[in-house]
Amino acid sequence: LYHTPELTPVQNVADCAIAIDVLRATTTIVKALSVGAEAVQVFSDLDKLMQESAAWAPEKRLRAGERGGGKVAGYDLGNSPLDCTSERMHDRRLFMSTTNGTRALEIVQASPSVLAAALINRRAVVDYVLSQRPETVWIVGAGWEGSFALEDTVCAGAIAHSLLAGLNCTLEELAGNDELAAAVALYEQWKDNLLGLFHLASHGKRLLRLDCHDDLKYCAQTDVLDVLPIQREIGVLVRNR
Ligand code: MLT
């Protein structure tokens, strides 16, 4: 488990990389695919997004841009999962750039298996990893501009907790992975009050200042969508289940 993209070694790749940005990019990706988006294509760079998406007919694409929690001017959407309705998303490609989440996905894109995880699809991610049994797995929390984020860490802990149970393995057997042990402990302490934890988190507070209370509530749900976003080609995530 590496907390932020900055701490993720890019010179070698894991067999499977799980990128997490619970508030809110990966939650939004899962929601968009669940309501019928054809794919979600992610960019760290806004200009690149504009260039690539220009080749798509306007009725076949949507552009989502977020910086600092707010919608970027000129884009169709910001980064709220609640804006992803089937009327809007059906059969369209979502071109998306966010402050940290899409960057985390970009950092791990060379891995043979790249998954987007949030609390809402935790079970789908865990089931996939248990069925594939990759030798090395990275769990990369997007964080905030290089800093640790509580919401991503608790989600990493939730995933690790279920993976360990599925493998009949204890934390002691994974000795030496302090980050994983801390993430699991955080999850065990907060699993019944994830919304409360989000209210403590610095990005949670930022979103509350922007009146995104309902987004926090939505993102705090666990295992509500059986949807697995998986990278089909570099930067393009599709629904695997
Ligand atoms: C990000 O990529 O940093 C986030 O998803 C920010 C947000 O809440 O929109």
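Residues numbered from 1 in each chain as written. Predicted model: local features only at pLDDT ≥ 70, side-chain atom pairs only at ≥ 80, totals over all residues. Heavy atoms only, no water.

To keep things clear, this is the line we draw: UniProt positions are given in the numbering used here, feature names are shortened, and annotations may be inferred rather than shown by experiment.
Going by the annotation in an unreviewed UniProt entry, the name recorded for the protein chain is Probable 2-phosphosulfolactate phosphatase, with Phormidesmis priestleyi ULC007 given as the source organism. In UniProt, the protein chain has this text filed under Cofactor (unreviewed entry): "Mg(2+)". UniProt's Sequence similarities (unreviewed entry) comment on the protein chain is quoted here verbatim: "Belongs to the ComB family."

Some words on the overall build of the protein chain
So the rule is basically this: Comment: elements are numbered from the N terminus, with helices defined as DSSP H or I runs of at least four residues and strands as E runs of at least two. Radius of gyration here uses only the C-alpha atoms, and the compact-globule reference equals 2.2 Å multiplied by the residue count raised to the power 0.38. Each residue is assigned to one of three classes by its accessible area relative to the maximum for its type, calculated with a 1.4 Å probe on protein chains only: buried under 20%, partly exposed between the two thresholds, exposed over 50%. Residues count as neighbours in contact if any of their non-hydrogen atoms are within 4.5 Å of one another. Computed with the Shrake-Rupley method and a 1.4 Å probe, the accessible areas treat only the protein chains shown as cover for residues. The positive count covers Lys and Arg only, the negative count covers Asp and Glu only, and His and the chain ends enter neither. In plain terms, the charge of a residue is placed at NZ if it is Lys, CZ if Arg, CG if Asp and CD if Glu.
Each helix and strand in the protein chain was counted, giving 10 helices and 9 strands. By the compact-globule yardstick of 18 Å for 241 residues, the protein chain fits well, its C-alpha radius of gyration being 17 Å. Considering only C-alpha atoms, the protein chain reaches an extent of 55 × 35 × 30 Å along its principal axes. In the protein chain, which comprises 241 residues, the share counted as buried stands at 53%. Taking as baseline every contact in the protein chain between residues at least 6 positions apart, the subset at least 24 positions apart corresponds to 77%. Entry remark: accessible area of the protein chain is about 10300 Å², with carbon and sulfur atoms responsible for 49%. Of the charged side chains in the protein chain, 23 are positive and 31 negative; the average position of the first set lies 6 Å away from that of the second.

Here's the deal with the packing of aromatic side chains
Short version of the rule: Side-chain rings of Phe, Tyr and Trp, where Trp is taken by its six-membered ring, are said to pair if the distance between their centres is within 6.5 Å; with planes under 30 degrees apart they count as stacked, over 60 as edge-to-face, and otherwise as tilted. A positively charged side chain is recorded as over a ring if its NZ (Lys) or CZ (Arg) lies within 6 Å of the ring centre. The angle to the ring normal must also be within 35 degrees.
Under the criterion given, the structure shown has 2 aromatic pairs. A ring pair is formed by Trp56 and Phe95, whose centres lie 5.6 Å apart and whose planes are at 75°; its orientation type is edge-to-face. Of the two residues, Trp56 sits in the loop between α2 (46–53) and β3 (61–67) while Phe95 sits in strand β5 (residues 93–97), which places them 39 residues apart along the sequence. We classify Phe95 as buried; its relative accessible area is 0%. Each residue in the set Phe43, Trp56 and Phe95 is aromatic and connected to the rest through ring pairs, giving one cluster. In this structure, Arg206 packs its charged tip against the face of Trp144, placed 3.9 Å from the ring centre.

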